[in-house]
Protein chains: 2
Amino acid sequence: MESNLTGRLLLVGTGPGAANLTAPAAIEALHEADLLIGYGLYIDLLDPDLSAKNRLDFELGQETERCRAALDHAAKGQTVALVCSGDSGIYAMGALVFELVDKEQRPEWLALDIVSVPGITAMQTLSNRVGAPMGHDFCAISMSDLLTPWDTIVQRLEGAALGDFVVGFYNPVSKKRDWQLNFARDLLLKHRSADTPVIIGRNLGRDGETVTVLTLGELEAANVDMFCVVIVGSSQSQTIEIAGTPRVYTPRGYAKKNVEEWS
Amino acid sequence: MESNLTGRLLLVGTGPGAANLTAPAAIEALHEADLLIGYGLYIDLLDPDLSAKNRLDFELGQETERCRAALDHAAKGQTVALVCSGDSGIYAMGALVFELVDKEQRPEWLALDIVSVPGITAMQTLSNRVGAPMGHDFCAISMSDLLTPWDTIVQRLEGAALGDFVVGFYNPVSKKRDWQLNFARDLLLKHRSADTPVIIGRNLGRDGETVTVLTLGELEAANVDMFCVVIVGSSQSQTIEIAGTPRVYTPRGYAKKNVEEWS
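How each quantity is defined
Residues numbered from 1 in each chain as written. Chains lettered and ligands numbered in written order. Predicted model: local features only at pLDDT ≥ 70, side-chain atom pairs only at ≥ 80, totals over all residues. Heavy atoms only, no water. Contact = heavy atoms within 4.5 Å. Buried area = accessible area lost by both parts, 1.4 Å probe. Salt bridge = Lys/Arg side-chain N within 4 Å of Asp/Glu carboxyl O. Polar contact = N/O pair within 3.5 Å; in protein donor to acceptor, adjacent residues only side chain to side chain. Helix = DSSP H or I, 4+ residues; strand = E, 2+ residues; numbered from the N terminus. Nonpolar A, V, L, I, M, F, W, Y, C, P; charged D, E, K, R; others polar. Pairing = 2+ DSSP bridges. Axes fitted to C-alpha atoms, helices over the stretch in contact; angles between N-to-C directions. 1 Å grid on protein atoms, 1.4 Å probe; cavity = no way out; pocket = protein on both sides within 12 Å on 5 of 7 lines; lining within 4 Å. Points joined across faces, edges and corners; volume = space filled by probe spheres on them. Expected span 1.5 Å × (residues − 1). Left-handed = near helix turned anticlockwise from the far one by under 90°. Buried < 20%, exposed > 50% of the residue type's maximum accessible area, 1.4 Å probe, protein only. Right-handed = clockwise from strand over helix to strand, strands pointing away. Core = buried A, V, L, I, M, F, W, Y, C linked by side-chain atoms within 4.5 Å.

Colleague: Residue-level account of the interface of chain A and chain B, with values.
Modeller: Each side of the interface is counted separately: chain A has 90 residues, and chain B has 90 residues. For the pair chain A and chain B, the summed buried surface comes to about 7900 Å²; carbon and sulfur atoms form 59% of the total. Linking chain A with chain B are two salt bridges, by the criterion used here. In this structure, the connection of chain A to chain B is made through 36 residue pairs in polar contact (both at pLDDT 80 or more). With ten residues, helix H4 (residues 93–104) of chain A is the single largest residue contributor to the side of chain A that touches chain B. Counted by class, the side of chain A that touches chain B contains 43 nonpolar, 28 polar and 19 charged residues. Of the strand pairs in this sheet, strand E7 (residues 138–142) of chain A and strand E7 (residues 138–142) of chain B are connected by three bridges, and their pairing is antiparallel. Looking at E7 of chain B, one finds that Cys 139 of chain A is bridged to Cys 139 of chain B.

Right, dumping it as structure tokens:
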């Protein structure tokens, strides 16, 4: 990881929140950095030794400022870690960093050594908690219309329905968005049955984590909030009770093919 | 993780191969197990101390036998770790374990404590190597028709095209499958431009790793093999050269919305 460039920007995904689900490479990157930019509380939980590092905190909503600050401090020759939960490249700061560099074309940003360290996502965490609902082809859709026009989100939902993908919904509901998840449910119900498994994960990897298994017919936006990730199974997904707990999986074998052909 | 059930089955995803991308929880699970089932070589690379553990190895293709052995040994009261690369719930053994329990309904399997530990996937690893191509809605499609009818795969491709998803292709090509990836390219080319960014990752997280950035118009199955994962950008994905290296990202902001609205 040696470099003779002006500075380095490390885009670090720390996973769902539990320290034992953070890759050692992410912890190494945080120790290597001169400056950490992210939510202080999450960083302290990962490794108390990081509390001595220089920090910059920003409010929620100040994503552009946070990315600009990371690029500017790195351009001064520092090694800067921009810290994201989950994976920095999945609904997080990674894409915004590259977008800023691309749009503004500042020579000092275009010379940076930008390195990303992957992290376990909320969707994967939920999938593993409940079984293997993402065992066959899946997609991820953010229901946030803050940056994406609603028509684009509907187009995604139609693609997911046509393709019979397992669907992971990020930002399924917010205080201002209370009907969109029900719209998505109704659209999917035109293509898959009401007993399709649905999993709601809340506060994944954090205190108070809950995982609820229900059906697509039972899904109600009123029972979901901004701390949730929702996975909707494909037409092939199944629920099975094992040791008293509902588990969900999506088999790879389809229709005419069956499990015996694995052998 | 205490349990008074008959036995425990740990489904452990070890990530892409590099030990510093394996979650500590996965290493803990391997140490906790009485028996490790998986590829011995990969396990040794993760932690040499695991070499003293009881092992069961199976040939590639013996997936059903491997899962049955894991279930049976756990049913005898052992703690068994079934080891997968990537995430055990994503194109790996996790779903097959649950499918076997569901289809066979053996009481000793239905009583097991089955716990999964998530791992970083090949697709995420590739995404982080090149930038943030999965920065907005994405899907994953396996091109293997071993267990999935070709018609189903085509349906997925059409859904991905309609939804304008970033697409991660698993098993893009094999010795017996040499034209399907070109079919997928041609189908996507009806919906997105020939200069859409494409990334080919080979031997991700292993010795000899390569990452190649090209365009959808340039994608040829002849240049891809079974050791590759391929990511095709959406209509919004961009390539930018930073510090002499091509980087790819997919912005969250769309069309009428722009980067300024983040602030």
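Colleague: Account for the sheet that holds strand E12 (residues 238–242) of chain A, with residues named and values stated.
Modeller: A sheet is described by the order of its strands in space; here three strands give the open sequence E6-E13-E12 (chain A), paired in mixed fashion. What marks the edges here is a single partner per strand, and that holds for strand E6 (131–132) and E12 of chain A. Contacts between helix H4 (residues 93–104) of chain B and the sheet are confined to E6, E12 and strand E13 (245–249) of chain A, with E12 of chain A contributing the most and set at about 70 degrees to the helix.

Colleague: Lay out empty space enclosed by the protein with the relevant residues and their values.
Modeller: All told, the structure shown has six cavities of 30 Å³ or more when counted by the stated rule. Approximately 110 Å³ is the volume attributed to the largest cavity. Listing elements by their share of the lining of the largest cavity, those giving two or more residues are helix H6 (122–130) of chain A together with helix H6 (122–130) of chain B. Of the residues that constitute the lining of the largest cavity, the class distribution is ten nonpolar, four polar and no charged.

Colleague: Residues and numbers for H4 of chain B, please.
Modeller: The terminal C-alpha atoms of H4 of chain B, which comprises twelve residues, lie 17 Å apart, in line with the 16 Å expected from a rise of 1.5 Å per residue. One or two residues past the end of H4 of chain B sits Gln 105 of chain B, with phi positive at roughly 50 degrees.

Colleague: Tell me about the sheet that holds strand E12 (residues 238–242) of chain B, and name the residues and values.
Modeller: The sheet built from three strands is open, its strands ordered E6-E13-E12 (chain B) with mixed pairing. Every other strand in the sheet has two partners, leaving strand E6 (131–132) and E12 of chain B as the edge strands with one partner each. Where E12 of chain B and strand E13 (residues 245–249) of chain B come together, five bridges link them in antiparallel fashion. Bridge pairing in E13 of chain B links Ile 242 of chain B to Thr 245 of chain B. Packed onto the sheet, H4 of chain A meets E6, E12 and E13 of chain B and runs at close to 70 degrees relative to E12 of chain B.

Colleague: Explain the packing of helix H7 (residues 150–162) of chain A against helix H8 (residues 180–189) of chain A to me, using residue names and the numbers behind them.
Modeller: All names here are of chain A. Direction vectors running N to C along H7 and H8 enclose 30 degrees, while the axes themselves pass 10 Å from each other. As for how H7 packs across H8, the hand of that crossing is right-handed. Where H7 approaches H8, its residues Trp 150, Val 154, Leu 157, Glu 158 and Ala 161 are matched on the opposing element by Gln 180, Phe 183, Ala 184, Leu 187 and Leu 188. In terms of residue class, the contact of H7 with H8 is made up of eight nonpolar, one polar and one charged.

Colleague: Break down the pairing of strand E8 (residues 166–170) of chain B for me, with residues and values.
Modeller: Residue and element names in this part refer to chain B. The buried fraction of E8 is high, at five of five residues. Because side chains alternate across E8, one face comprises the buried residues Val 166, Gly 168 and Tyr 170, and the other comprises Val 167 and Phe 169, equally buried. Pairing of E7 with E8 involves five bridges; the strand directions are parallel. In the sheet register, Cys 139 faces E8, and the bridge partner there is Val 167. In this fold, E7 hands off to helix H7 (residues 150–162), which returns the chain to E8; that crossover is right-handed.

Colleague: An account of the nonpolar core is needed here, citing residue identities and associated values.
Modeller: Formed by 53 residues in total, the largest nonpolar core has its most connected members in Ile 141 and Phe 169 of chain A together with Ile 141 and Phe 169 of chain B. With six residues, H7 of chain B is the largest single contributor of residues to this core. When neighbours within four sequence positions are excluded, Phe 169 of chain B is seen to be in contact with Ile 141, Met 143, Leu 157, Leu 181, Ala 184, Leu 188, Val 229, Val 230 and Val 232 of chain B. One finds Leu 36 of chain A together with Leu 36, Ala 81 and Val 83 of chain B within the second-largest nonpolar core, a separate group that totals 38 residues.

Colleague: Lay out the pattern of salt bridges with the relevant residues and their values.
Modeller: Residues and elements named next belong to chain A. Within this structure, the stated rule accounts for 26 salt bridges over all chains. One salt bridge in this structure joins Glu 220 and Arg 185, with 3.4 Å as the shortest N-O distance. Highlighted residues: Glu 220 in the loop between strand E10 (210–215) and strand E11 (228–232) and Arg 185 in helix H8, separated in sequence by 35 residues. Residue Glu 220 is classed as partly exposed on the basis of its relative accessible area of 36%. Judged by relative accessible area, which is 11%, Arg 185 ranks as buried. Between Asp 225 and Arg 202 there is a salt bridge, with its nearest N and O atoms 2.6 Å apart. Linking Asp 225 in the loop between E10 and E11 with Arg 202 in strand E9 (residues 197–202), this pair joins segments that are 23 residues apart in sequence. By relative accessible area, which is 23% here, Asp 225 ends up partly exposed. The structure contains a network of salt bridges with shared partners spanning Arg 8, Glu 32 and Asp 113.

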